[in-house]
Amino acid sequence: PIIKHRMHFTSRLILLPLASCLAFSSCSQTPQRPAALERGDYRYVESYLEWYIPQLMKKHNVPGVSIALVDGQKIVWARGFGYADREKAIPASANTVYQAGSISKVITATAVMQQVERGGIDLDAPLQKYLPEFSMRSRWGAAPAPSARALLSHHAGLPTYYLKGFFSNKPLDSLITELKPEYFAYPPGQVFNYSNLGANLMGLAMENLSGLPFAEHMQRSLLDRLGMHNYSFTLNPETTALLARGYVDGQASDPVQIRDVPAGALSSNVLDLGRFIQFTLGDGSLDGQPVLARKYLDAMLQPQYANNPLDFGQRFGLGWMLSGIDLPQA
């Protein structure tokens, strides 16, 4: 009942083993649970996690992890375990930056909802209203164009990925030309099919509406207002200096560059992501300042196309996955 949310992020490429749990002073025995837990007293939670997390790291061969616990409008505990860079013996901390992958999508969706609140985007209007240069081929005749609602909830009928050029620094708008000869995978609105392309196309639509590059629009419209100062959709010297090292099969790896910036290029630390959770738990406000009206935040957390029989119970909001991930104890 005390902890409202927890978030944990590791580099997706880390596979190195961690030193024994006994290297951590608090690992040797299970902390004793107190007879009574008082609201606002996190000492047992902290001691338990400091005992438990290194064991999970050893079990799953994770050399470094950073975690923040958020209770309502407070980050109540945050720290790192293991290494941000094993070779240089740089410890992971709450300030360590990670490439957080598809968490980018919910941040992008939040910025889209800011445009909805301002009247710039109608969730149910065809995408071409905001991105007139977009087109794809259809096997079902004149299939209806997908809407922002369909794109954000993975019901737009798009292929899951467009991998040609994915691992590159190609500009995002190169997708417009490359998608024209490609086919929709399903008729829009009928089937849940997870797709990076939905977030990417909405990112391009926001570029058209704002007249700014996607990353700059995100910074001005959302990230600065949330006080997320170690967050970036483009790797810059400040974030790179704090970036955790990635590993593939035990070998150190350089940061991954991808074309699909709105869908997966987020770099951040848990303190900034904790502020995003504070905003979510604060009904769209943070530090007493409104960022997104509550009704638009609530709409993001409502299942979309909930009665589609071919979704087989999978539930997805606007940017938020509401089912389908087994996260024990969460």
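No experiment lies behind these values; they were computed from the predicted model shown. (Residues numbered from 1 in each chain as written. Predicted model: local features only at pLDDT ≥ 70, side-chain atom pairs only at ≥ 80, totals over all residues. Heavy atoms only, no water.)

Undergrad: Is there a simple way to explain the nonpolar core in this structure?
TA: A general feature of soluble globular proteins is that nonpolar side chains tend to end up buried together. Of all hydrophobic cores here, the largest spans 60 residues; its most connected members are Ile107, Phe134, Leu201, Met202 and Phe276. Taken together, the elements giving at least two residues each to this core come down to α2 (104–118), α3 (148–152), α4 (174–179), α5 (196–210), α6 (214–223), α9 (270–281) and α10 (294–300). Setting aside residues no more than four positions away along its own chain, isoleucine 107 makes contact with Met218, Leu222, Leu223, Tyr231, Phe233 and Phe276. Counting residues in hydrophobic clusters, the runner-up holds 12 residues, among them Val45, Met57, Ile67 and Val76. (Core = buried A, V, L, I, M, F, W, Y, C linked by side-chain atoms within 4.5 Å. Buried < 20%, exposed > 50% of the residue type's maximum accessible area, 1.4 Å probe, protein only. Helix = DSSP H or I, 4+ residues; strand = E, 2+ residues; numbered from the N terminus. Contact = heavy atoms within 4.5 Å.)

Undergrad: Explanation requested: helix α1 (residues 43–60) in the structure shown.
TA: Since one α-helical turn is 3.6 residues long, residues separated by three or four positions face the same way. Between its first and last C-alpha, α1 extends 26 Å over 18 residues, near the 26 Å set by a 1.5 Å rise per residue. Along α1, the residues classified as buried are Tyr44, Val45, Leu49, Trp51, Ile53, Pro54 and Met57. Just past α1, the residue asparagine 61 takes up positive phi, approximately 55°. (Expected span 1.5 Å × (residues − 1).)

Undergrad: Just checking my understanding: could you explain the packing of α5 against α6 for this structure?
TA: A pair of packed helices is captured by two measures, namely the crossing angle of their axes and the spacing between those axes. Where α5 meets α6, the axes come as close as 9 Å, and the angle between the chain directions of the two elements is 75°. Relative to α6, the element α5 lies roughly perpendicular. The segment α5 lies against α6, with Gly203, Met206, Glu207 and Ser210 engaging Phe214, His217 and Met218. Looking at side-chain class alone, the contact of α5 with α6 contains three nonpolar, three polar and one charged residues. (Axes fitted to C-alpha atoms, helices over the stretch in contact; angles between N-to-C directions. Parallel < 35°, antiparallel > 145°, perpendicular 65-115°, else oblique. Nonpolar A, V, L, I, M, F, W, Y, C, P; charged D, E, K, R; others polar.)

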